[in-house]
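Examination of the molecular architecture
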Amino acid sequence: DTDIPKIKKILPKSNKIYKNPLFEVIYSENFLEEVRFFYGINNTFNSTTLNCLSGENKKCNITINTSEFDGKEVFLYFIVKDKFNETKSKTNNIFIDITSPIIKLNTNFSEIQKRSIRLDIELNEKVKSLEIMDLNVTKPQFITLCNNCQVYNKTKLFSEGFHTIHLKVIDEAKNIA
């Protein structure tokens, strides 16, 4: 075996926020001995050996419980070995977020003026989207109030009468509140 193992790609991509990512390596090695996955924080790495196949452009993946890394930056890499050589992938860094956003509704409902209401909403993190649904309309559906926001403070018009509303927030890791 004169060819060294080749690592084509590792996932997830660096500098992104993930909830529970699939960790994957794409490699080529016809005489595979071992694939190891390393992950951790602060230069303290856990490792596990994966059960992978020999061949060209093979994919091998693993899922792990990332709850201990919530809110932290995680570093990861793979090593692919044959009998004589090993290749280490680049090290990717990702951010783990498994916690749903927290919504703080500061609206004073005693100050409602006829059909308009000032919605004053704070979120504990910048979110991908903040949406509202009025259950008292003919076809209730979520309507986007803002994207890439942490605060919403605008007047919203409603039809006359009592309204039940639902707020939905989706963060970068696709956690929903």
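Located above this text is the structure these notes cover.
Here we summarise the structure given alongside this text.

The rules behind each value
- Residues numbered from 1 in each chain as written.
- Predicted model: local features only at pLDDT ≥ 70, side-chain atom pairs only at ≥ 80, totals over all residues.
- Heavy atoms only, no water.
- Salt bridge = Lys/Arg side-chain N within 4 Å of Asp/Glu carboxyl O.
- Helix = DSSP H or I, 4+ residues; strand = E, 2+ residues; numbered from the N terminus.
- Buried < 20%, exposed > 50% of the residue type's maximum accessible area, 1.4 Å probe, protein only.
- Phe/Tyr/Trp six-rings, centres within 6.5 Å; stacked < 30°, edge-to-face > 60°.
- Lys NZ or Arg CZ within 6 Å of the ring centre and 35° of its normal.
- Pairing = 2+ DSSP bridges.
- Axes fitted to C-alpha atoms, helices over the stretch in contact; angles between N-to-C directions.
- Lys, Arg positive; Asp, Glu negative; His and termini not counted.
- Contact = heavy atoms within 4.5 Å.

So, on to the pattern of salt bridges. Going through the model one piece at a time under the given rule, you end up with three salt bridges. Notably, a salt bridge pairs Glu34 with Lys81, separated by 3.4 Å at the nearest N-O pair. Placement of Glu34 in strand 4 (residues 34-41) and of Lys81 in strand 7 (residues 73-81) is noted, with a sequence separation of 47 residues between them. Judged by its relative accessible area of 27%, Lys81 is partly exposed.

Our next topic: the packing of aromatic side chains. This structure, assessed with the given rule, holds six aromatic pairs. Seen in terms of ring centroids, Phe23 and Phe37 are 4.9 Å apart; in terms of plane orientation they differ by 40°. Their pairing is tilted. Taken together, the residues Phe23 in strand 3 (residues 23-29) and Phe37 in strand 4 connect sequence positions 14 residues apart. Residue classification places Phe23 among the buried residues on the basis of a relative accessible area of 1%. On the basis of relative accessibility, which here comes to 0%, the residue Phe37 falls in the buried class. Over the face of the ring belonging to Tyr77 we find Lys88, whose NZ or CZ atom lies 4.2 Å from the ring centre. The cationic tip of Lys168 hangs over the ring face of Phe142; the distance from NZ or CZ to the ring centre is 4.5 Å.

What the three strands build is an open sheet, ordered 1-3-6; its pairing is antiparallel. One side of each edge strand has no neighbouring strand; the edge strands of this open sheet are strand 1 (6-11) and strand 6 (55-62). Across the sheet, the axes of successive neighbouring strands diverge by a mean angle of 15°, strand direction being ignored.

So, on to the side chain of Glu125. By the secondary structure assignment, Glu125 is in strand 11 (residues 116-134). No salt bridge is formed by the buried Glu125; the nearest opposite charge belongs to Lys19, separated by 11 Å. Excluding residues within four positions of it along the chain, Glu125 makes contact with Asp97, Thr99, Ser100, Pro101, Cys149, Gln150 and Asp171.

Further remarks concern the environment of Val137. Relative to the assigned elements, Val137 resides in the loop between strand 11 and strand 12 (143-157). Judged by relative accessible area, which is 37%, Val137 ranks as partly exposed. Along the sequence, Val137 and Ser159 sit 22 residues apart, while their C-alpha atoms lie 8.6 Å from each other.

Bringing the environment of Gly40 into the picture now. If you trace the backbone, Gly40 turns up in strand 4. Along the chain, Gly40 and Phe75 lie 35 residues apart, while their C-alpha atoms are 5.5 Å from each other. If near-sequence neighbours (up to four positions away) are discounted, Gly40 is found in contact with Phe45, Glu73, Val74 and Phe75.

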